[in-house]
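# Architecture at a glance
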Amino acid sequence: MTLASPGARMRPARRRRGVTAVSALLLLVLTGCARFDDAASSPFSPEPTAGPAEVGPRTDKPPTSTSRPPRPSGPCIDPDPNVVATCLDTTGGIVVLPDGSGALIAERRTGRILRVAPEQPAAEIARIDVDGSSDGGLLDLALSPTFLEDGLIYAYITTGSDNRVVRIAAGDTPKPVLEGIPRGATGNAGALDFVNENELVVLTGDAGNPAAAADPGSLAGKLLRLDRPNVGQPATPRVVVSGIGVAGDVCLEPGGTIWVTDRTGVEDRLQKVNPEGAVSSAWTWPDRPGVAGCAAGSGVVAVALTGARALALMTVDQGTGSITAAPTLLAQNQYGQLGGATPGPDGAIWVGTVNKTGGEPGPNDDRVVRIPLPGDGGGGPD
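Residue positions within a chain follow its written sequence, with the count starting from 1. Per-residue local features are limited, in this predicted model, to residues with pLDDT of at least 70; the limit for side-chain atom pairs, both in listing and counting, is 80 or more; totals at the level of whole chains, interfaces and linings are taken over all residues. With hydrogens and water excluded, all non-hydrogen atoms of the structure serve as input to the side-chain values.

What follows covers the pattern of salt bridges. In what follows, salt bridge is the name for a side-chain nitrogen of Lys or Arg lying within 4 Å of a carboxyl oxygen of Asp or Glu. Here the structure, examined in full by the defined rule, presents 15 salt bridges. Between Asp78 and Arg367 there is a salt bridge, with its nearest N and O atoms 2.8 Å apart. Here Arg367 lies in the loop between strand S24 (349-353) and strand S25 (368-371) and Asp78 lies in the loop between strand S1 (34-36) and strand S2 (83-85), a separation of 289 residues in the sequence. Taken individually, Asp78 and Arg367 each receive the classification buried, so the pair is uniform in this respect. The residue Asp172 makes a salt bridge to Lys175 at a minimum N-O spacing of 2.4 Å. Throughout, exposure labels follow a simple rule: accessible area from a 1.4 Å probe, protein chains only, divided by the maximum for the residue type, with under 20% read as buried, over 50% as exposed, and the rest as partly exposed. Relative accessible area serves as the criterion here: at 28%, Asp172 is assigned to the partly exposed category. Here the salt bridges do not stand alone but share partners, grouping Glu107, Arg112, Glu124 and Arg127 into one network. Helix numbers and strand numbers start at the N terminus; a helix is a DSSP run of H or I with at least 4 residues, a strand a run of E with at least 2.

Here it is, written out as structure tokens:
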């Protein structure tokens, strides 16, 4: 699925995906939930082996918008066919599974990671000890580029002492990848993604201190590139962008372009980092609608807006690489505050809501929702 225009379908560009079953970590759904503590060990210790998964590609497609019977309404049963999951705590990052059968969604305050899919109940597969106070907690997820072989999940989390990136494996405690990212009373949000098999990009918030974001000696308020170090060697991040405010998200476009969202005291921003590393401002919002998760495809970037309660869809000029037209707002005021976003397996953008944090939660919040792109039809996966 290629996203070449607002009416086209979006392929999963935000996370690298495979096409087969989920790894042994998801087998925990069948055997019980695993709770992980925040124990530390040397970064990138040897990766555990993982057996073949027993969750295969979905063969029974859910009914289309014309054939699906109406859902009853009620607590945790949403009549909207585009609602994938209900009655979650406030959400964090979201990432699509390799087989296209669903996604993993983070609950920011509880530290839970849940598997969600249309017409299926949400299933907890892991829980990490995090500090979910203020705006911290379990903030984003990324799958290992070799997830089909190693089953590893990476997470950006807040602890009692710092923000950090950890690696999660079935039956093991989280292993720190990058520690010592400053935490504060606010500004703890962060995001991460793999740009290739050996390089991770990490977006850090300013921890409520804009001066730290400008300080080259601080990990706060930066977009960082991080190579996988050898076992026993410390990670050495390289600064790509400084001056990040409240971190929103980082998303990848086919071809290597990186898009970054963040919020500052004067405006919200979408910044672009081209494959050569040049940084430019792509779009700004002086009205500060609360930029959050993003999803990028060839020629289009979608940005979740928390305060504006909508998904902003922007077209990128293929000749200049710039954005010149005002965003189109999708699903405005339909689902409340939007947080994480990812290209779904069905051509829509999947988002998590954050109505339980400063919003007006309904009886079924918080939710995972698919937002169809123009021309998609909007009735659910087909």
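Glancing now at the packing of aromatic side chains. The rule is short: rings of Phe, Tyr and Trp, with Trp giving its six-membered ring, pair when the centres are within 6.5 Å, and they are stacked under 30 degrees, edge-to-face over 60, tilted in between. A complete count under the given rule lists 1 aromatic pair for this structure. Their ring planes at 75 degrees and their centres at 5.0 Å tell us that Tyr154 and Phe194 sit as a pair that is edge-to-face. A residue pair is termed long-range when its members are at least 10 positions apart, and Tyr154 in strand S8 (residues 153-158) and Phe194 in strand S11 (residues 190-196) qualify at 40 residues. For Phe194, a relative accessible area of 2% corresponds to the buried category.

Quick look at the environment of Ile125 now. Here Ile125 shows up in strand S6 (residues 120-128). Since its relative accessible area comes to 0%, Ile125 is described here as buried. Along the primary structure Ile125 and Leu114 are separated by 11 residues, whereas in three dimensions their C-alpha atoms are 5.7 Å apart.

The strand order S2-S25-S24-S23 describes an open sheet built from 4 strands, whose pairing is antiparallel. The open sheet has two edge strands with one neighbour each: S2 and strand S23 (338-343). Going from strand to strand, the sheet's axes swing by 30 degrees on average, the running direction of each strand aside. Strand direction decides the pairing type here: S23 and S24, joined by 4 bridges, are antiparallel. Between any two strands, at least two bridges found by DSSP are needed for them to pair. Every axis in this analysis is a line fitted to C-alpha atoms, fitted for helices over the stretch in contact. Angles between the N-to-C directions lie between 0 and 180 degrees.

Turning next to the pairing of strand S19 (residues 291-297). Of all 7 residues in S19, 7 are buried; the element is thus mostly enclosed. With antiparallel pairing between neighbouring strands as the criterion, S19 and strand S20 (residues 300-305) make up a hairpin whose turn holds 2 residues, including Gly299 at a positive phi of roughly 90 degrees.

With that settled, the discussion passes to the state of the cysteines. We call a pair of cysteine sulfur atoms a disulfide whenever their separation is within 2.5 Å. On inspection of all chains with the given rule, the structure shows 2 disulfides. The partner cysteine of Cys76 in its disulfide is Cys87, sulfur to sulfur 1.9 Å. On the sign convention where negative means left-handed, the S-S torsion of about -105 degrees between Cys76 and Cys87 marks this disulfide as left-handed. Pair noted here: Cys76 is in the loop between S1 and S2 and Cys87 is in the loop between S2 and strand S3 (91-96), with a separation of 11 residues, a long-range link. Disulfide connectivity for the protein, with bonded cysteines indexed by sequence position, reads 1-2, 3-4.

Looking at the element boundaries, Ser322 is found in the loop between strand S21 (310-315) and strand S22 (328-330). The partly exposed category is assigned to Ser322, whose relative accessible area is 29%. In this structure, the C-alpha to C-alpha distance between Ser322 and Ser281, residues 41 residues apart in sequence, is 9.0 Å. With sequence-adjacent residues up to four places away left out, Ser322 is seen in contact with Thr315, Val316 and Asp317. Among the polar contacts made by the side chain of Ser322, one reaches the side chain of Thr320 at a distance of 2.7 Å. Whether two residues are in contact is decided by their heavy atoms, any of which lying within 4.5 Å being enough. Nitrogen and oxygen atoms within 3.5 Å of one another constitute a polar contact, given that in protein one can donate a hydrogen and the other can accept it, and given that sequence-neighbouring residues count only through two side-chain atoms.

Another aspect to go through is the side chain of Asp140. Turning to its location among the elements, Asp140 is positioned in strand S7 (residues 138-143). Residue class for Asp140 comes out buried when judged on its relative accessible area of 2%. One polar contact links the side chain of Asp140 to the main-chain amide nitrogen of Leu192, over a distance of 3.0 Å.

Close inspection of predicted coordinates is inappropriate in any region flagged by low pLDDT. For the protein, the average pLDDT comes to 82, and 77% of its residues sit at 70 or higher. The model gives residues 1-67 a pLDDT under 50, and that stretch makes 202 contacts with residues more than four places away or in other chains. pLDDT is a per-residue confidence score from the predictor, ranging from 0 to 100.

Moving on, we get to the sheet that holds S8. In space, the 4 strands of this open sheet follow the order S7-S8-S9-S10, with antiparallel pairing throughout. Each of the sheet's edge strands pairs with one partner strand only, and the pair in question is S7 and strand S10 (175-181). Here the average twist between neighbouring strands, direction ignored, is 15 degrees.

This part takes up unusual backbone geometry. At the junction of Asp365 and Asp366, the peptide bond is cis and its omega measures out at -5 degrees in the coordinates. Among the secondary structure elements, Asp366 is positioned in the loop between S24 and S25. Its identity as a non-glycine residue notwithstanding, Ser134 has a phi of 50 degrees, on the positive side. When you line up the elements, Ser134 lands in the loop between S6 and S7. The phi dihedral of Arg288 falls on the positive side, at around 50 degrees, and the residue is not glycine. By secondary structure assignment, the location of Arg288 is in the loop between strand S18 (279-285) and S19.

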